[in-house]
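Residue strings, one per chain:
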Amino acid sequence: MTPPPLKKTISKLDLLSLRLFLTVCEEKSIGRAAERESITPSAVTKRIQDLEYLFDVKLLYRNTKGTIPTPVGEALAEHARQIFQLVEGIRTDLSEFAEGAKGHVRISAVPSALAGFLAVELRDFAAMYPRIDLDIREHLSFEVVHAVSTGTADIGVYATPPEVPGDVDTYAYKQDELVVVLPKDHPLVSKKSLTFAELLTTDIVGVNESSSVMNQLRRAAANLNQHLVLRYQVQSNEIAREMVAAGFGVTVLPQGLATHARSGQIVTVPLAEAWAKREMRICVRRGAVLPAQTRAMLQFLLGKRFGELPGQIVK
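Residues numbered from 1 in each chain as written. Predicted model: local features only at pLDDT ≥ 70, side-chain atom pairs only at ≥ 80, totals over all residues. Heavy atoms only, no water.

## Description of the overall build of the protein chain
Here's step 1: A tally of regular secondary structure across the protein chain gives 12 helices and 11 strands.
Here's step 2: Computed over the C-alpha atoms, the radius of gyration of the protein chain is 33 Å, more than 25% above the 20 Å expected from 2.2 N^0.38 for a compact globule of 315 residues.
Here's step 3: When its C-alpha atoms are laid out on the principal axes, the protein chain stretches across 105 × 40 × 35 Å.
Here's step 4: For the protein chain, the proportion of contacts with a sequence separation of at least 24, taken over those separated by at least 6, is 72%.
Here's step 5: Just so you have it, the protein chain exposes about 16900 Å², and 54% of that area is on carbon and sulfur atoms.
Here's step 6: The averaged location of the 35 negative side-chain charges in the protein chain is 3 Å from the averaged location of its 37 positive side-chain charges. (Helix = DSSP H or I, 4+ residues; strand = E, 2+ residues; numbered from the N terminus. Rg over C-alpha atoms; globule rule 2.2 N^0.38 Å. Contact = heavy atoms within 4.5 Å. Areas by Shrake-Rupley, 256 points an atom, 1.4 Å probe, with all protein chains shown as cover. Lys, Arg positive; Asp, Glu negative; His and termini not counted. Charge placed at Lys NZ, Arg CZ, Asp CG, Glu CD.)

## What to know about the packing of helix α2 (residues 15-27) against helix α4 (residues 41-55)
Here's step 1: Two elements in contact, α2 and α4, have axes whose closest approach is 9 Å; the angle formed by their N-to-C orientations is 110°. Taken together, the axis directions place α2 and α4 in an arrangement best described as roughly perpendicular. The segment α2 lies against α4, with L16, S17, L18, L20, F21 and V24 engaging V44, R47, I48 and L51.
Here's step 2: In the contact of α2 with α4, the residues fall into 8 nonpolar, 1 polar and 1 charged. (Axes fitted to C-alpha atoms, helices over the stretch in contact; angles between N-to-C directions. Parallel < 35°, antiparallel > 145°, perpendicular 65-115°, else oblique. Nonpolar A, V, L, I, M, F, W, Y, C, P; charged D, E, K, R; others polar.)

## Here's the deal with the pattern of salt bridges
Here's step 1: According to the stated counting rule, one finds 18 salt bridges in the structure shown.
Here's step 2: A salt bridge links R19 to E37; the shortest N-O distance between them is 4.0 Å. Taken together, the positions of R19 in helix α2 and E37 in the loop between α3 (30-36) and α4 put the pair 18 residues apart, joining distant regions of the chain.
Here's step 3: Of the charged contacts in the structure, one is a salt bridge between E198 and K191, with a shortest N-O distance of 3.1 Å.
Here's step 4: Here the salt bridges share partners, and the residues they tie into one network are R19, E26, E27, R32, R36 and E37. (Salt bridge = Lys/Arg side-chain N within 4 Å of Asp/Glu carboxyl O.)

## Structural notes on the packing of α2 against helix α5 (residues 71-98)
Two quantities define a packed helix pair, namely the angle between the helix axes and the distance between the axes.
Here's step 1: In the contact formed by α2 and α5, the axes pass within 10 Å of each other and the chain directions differ by 120°. In this view, α2 runs oblique relative to α5, as classed from their interaxial angle. Crossing of α2 against α5: the hand is left-handed. Mapping the contact onto sequence places L15, L18, R19, F21, L22 and C25 in α2 and G73, L76, A77, A80, R81, I83, F84 and V87 in α5.
Here's step 2: Here the residues of the contact of α2 with α5 sort into 11 nonpolar, 1 polar and 2 charged. (Left-handed = near helix turned anticlockwise from the far one by under 90°.)

## Observations concerning a nonpolar patch on the surface
Here's step 1: A grouping of L86, I90, L94 and F97 is seen on the molecular surface, where their side chains present a nonpolar patch of about 390 Å² in accessible area.
Here's step 2: Positionally, L86 belongs in helix α5.
Here's step 3: Residue classification places L86 among the exposed residues on the basis of a relative accessible area of 57%. (Patch = residues over 30% accessible without salt bridge, like charges linked within 9 Å, V, L, I, M, F, W, Y side chains within 5 Å. Buried < 20%, exposed > 50% of the residue type's maximum accessible area, 1.4 Å probe, protein only.)

## Some points on the nonpolar core
Here's step 1: Within the largest apolar cluster, 33 residues are counted, with the highest numbers of intra-cluster contacts made by L118, Y173, I282 and M297.
Here's step 2: Per-element accounting of this core gives the leading share, 6 residues, to helix α6 (residues 111-128).
Here's step 3: Setting aside chain neighbours within four positions, we find Y173 in contact with F117, L118, E121, V157, M280, R281, I282 and L301.
Here's step 4: Within the second largest apolar cluster, 19 residues are counted, among which are L182, L188, A221 and V252. (Core = buried A, V, L, I, M, F, W, Y, C linked by side-chain atoms within 4.5 Å.)

## So, the environment of N215
Here's step 1: If you trace the backbone, N215 turns up in helix α9 (residues 212-223).
Here's step 2: Between the C-alpha atoms of N215 and P161, which are 54 residues apart in sequence, the distance is 9.1 Å.
Here's step 3: Discounting residues that sit within four places of it in the chain, N215 has contacts with E209 and S210.

## Some words on the side chain of R281
Here's step 1: Looking at where R281 falls in the secondary structure, it is placed in strand β11 (residues 277-285).
Here's step 2: On the accessibility criterion, R281 (5% relative accessible area) is buried.
Here's step 3: A distance of 3.0 Å separates a polar atom in the side chain of R281 from a polar atom in the side chain of T170. (Polar contact = N/O pair within 3.5 Å; in protein donor to acceptor, adjacent residues only side chain to side chain.)

## Description of the confidence of the model for the protein chain
Low-pLDDT portions of the prediction should not be read for the details of their coordinates.
Here's step 1: Looking at the protein chain as a whole, its pLDDT mean stands at 88, while 93% of the residues score no less than 70.
Here's step 2: Throughout residues 310-315 the model reports pLDDT below 50, and contacts reaching past four residues in sequence, or to other chains, amount to 14 contacts. (pLDDT = per-residue confidence, 0-100.)

## Overview of the packing of aromatic side chains
Here's step 1: According to the stated counting rule, one finds 5 aromatic pairs in the structure shown.
Here's step 2: Aromatic side chains F125 and Y129 sit 4.9 Å apart centroid to centroid with 35° between the ring planes, which places their arrangement in the tilted category. There is no split in this pair, since F125 and Y129 are both buried.
Here's step 3: An angle of 70° between the planes, with centres 5.5 Å apart, marks the rings of F125 and F300 as edge-to-face. Residue F125 is located in helix α6, and its partner F300 is located in helix α12 (residues 292-302); the two are separated by 175 residues in the primary sequence.
Here's step 4: What links up through ring pairs into an aromatic cluster is the set F125, Y129 and F300.
Here's step 5: Directly above the ring of F84 sits R19, whose terminal nitrogen or CZ lies 5.4 Å from the centroid.
Here's step 6: Against the face of F117 rests K174, its NZ or CZ located 5.8 Å from the ring centre. (Phe/Tyr/Trp six-rings, centres within 6.5 Å; stacked < 30°, edge-to-face > 60°. Lys NZ or Arg CZ within 6 Å of the ring centre and 35° of its normal.)

Printed below as a string of structure tokens:
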């Protein structure tokens, strides 16, 4: 006998009929199977007849011992059990995705957030949700916002400013502070705090010119009707710290990055400017239906219970 084509089998075979057939095999009675499945005996009989017609086989014997599967019926029952095990696996996996227990989250964050506190919080999140894979990328603030806006990141953590486009929602997250990093023997290390005007009198080591810190320093200089003149320009916070430690000048870094400097060789002094107090914010794409795993991380970082988001979104 030639089996029916696969396309016909897929279109005609349904899980309910297989479920009813298995119940009959377990109960050894169409009547008891119908009662257990809350369906009429005639409907059970019709479903099994449809299976027999589809495969052109006899699936059940009826005798004094009840209704029992034929040898081919036993084979179908075994396949049906495997199918329902697979269905249960699918149901469990999708349920875990829906509850945020599995999945993949792409995070874009500024270096100061990662160094200061975010790395630890992501570690704790990973311990709570070990089956969620984290893709963590280090970016400048404007790159973070752009990644979220364009959908290449699910969650972003950036420092204010930059400007935020209308398709991005943001939430208050942490406070951050800019500090001055100086060599240990620099004439200004004895001061309890430094104004930006005082910094302009000494050699400054600048970091990536597109960074939010450098943009803030340029704005601060313009407010003093001065130009920001950099003695040296490097691309990373780590190199800036090394340059300061070697005596090439001073630099301005977020507190979270400055505290990772080599002990004994450099000193940090608070920057006595209102704009030195920065806000770290979390952003997600506006109007997007967040996957459960992304929502779980958002709630975790915001310190809220799962399923609750802040009522007010601040732009």
